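# Topology and contacts: notes
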Amino acid sequence: MKRFIVSFILMVGLYVHYSGAQEVVFDKQPLVINGITLQAEVAETTEQRQQGLMNRKTLDQGHGMLFKFDVDSAPCFWMKNTYIPLSLAFINKDGFILQIEQLSPESTHLACSEYPIRYALEVQQGWFYEQNIDVGAKIEGIIRSTP
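Structural notes, computed from the coordinates.

Parameters and conventions
Throughout, a residue's number is its position along its own chain's written sequence, starting from 1. Per-residue local features are limited, in this predicted model, to residues with pLDDT of at least 70; the limit for side-chain atom pairs, both in listing and counting, is 80 or more; totals at the level of whole chains, interfaces and linings are taken over all residues. Hydrogen atoms and water are omitted, and side-chain values are computed over all heavy atoms in the structure. Only DSSP runs of H or I covering at least 4 residues are called helices, and only runs of E covering at least 2 are called strands; the numbering of each starts at the N terminus. A simple rule labels every residue: compare its accessible area, found with a 1.4 Å probe on the protein chains alone, to the largest value its type can have, and call it buried under 20%, exposed over 50%, or partly exposed in between. Every residue pair with non-hydrogen atoms within 4.5 Å of one another is taken to be in contact. Surface accessibility follows the Shrake-Rupley procedure with a 1.4 Å probe radius. Residue values consider only the protein chains on display as shielding. Throughout, disulfides are identified as pairs of cysteine sulfur atoms within 2.5 Å of each other.

## Section: the overall build of the protein
Counting its secondary structure elements, the protein contains three helices and nine strands. Along the protein, helices (α) and strands (β) appear in the sequence α-β-β-α-β-β-β-β-β-β-α-β when read from the amino end. When burial is assessed residue by residue, the protein has 37% of its 147 residues classed as buried. In the protein, the proportion of contacts linking residues at least 24 apart, taken out of those at least 6 apart, comes to 70%. A total of about 9000 Å² of accessible surface is found on the protein, and carbon and sulfur atoms cover 55% of it.

Quick look at the structure:
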């Protein structure tokens, strides 16, 4: 009987542990930069922004993650538990790229915006360069859910 009770407690504990870990879900939104369409997952809640592209092994070409912030700020990003080399664009509230940084997998180095921004966009490293997208380019299609 004692063995049964211990097994039951362990099973309940495992169920609670694994059922509490819910997967973060992201909406998708097409963006257009210099006539090039990019499919972006949107991270706009604190939970989504914290998760970002962490723990992923791949990111399809022409896909990325758009981070939305409630107010203009100068956020910093790092790559802890992120395994894909990324390029990161810091974008102002009008949709213009102000800065692009290159991020190395699993690095804890902080890449910080030098300017107040409302959005950040992560793509496969080199994608902006390959598409001839640079600072000053305008990103079309960002749906503003915040003022």
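## Overview of the side chain of Glu122
Tracing the chain through its elements places Glu122 in strand S8 (residues 117-124). Not counting residues within four places of it along the chain, the set of residues in contact with Glu122 comprises Leu53, Gly64, Met65, Phe67, Phe77, Leu86, Ser87, Leu88 and Leu103.

## What to know about the state of the cysteines
Summed over all chains, the structure comprises one disulfide. The disulfide partner of Cys76 is Cys112, and the gap between their sulfur atoms is 1.9 Å. The disulfide joining Cys76 to Cys112 has a torsion of about 105 degrees about its S-S bond and is therefore right-handed. Here the residue Cys76 occupies a position in strand S4 (residues 76-77), and Cys112 occupies one in strand S7 (residues 111-112), the gap between them amounting to 36 residues. The class for Cys76 is partly exposed, based on a relative accessible area of 40%.

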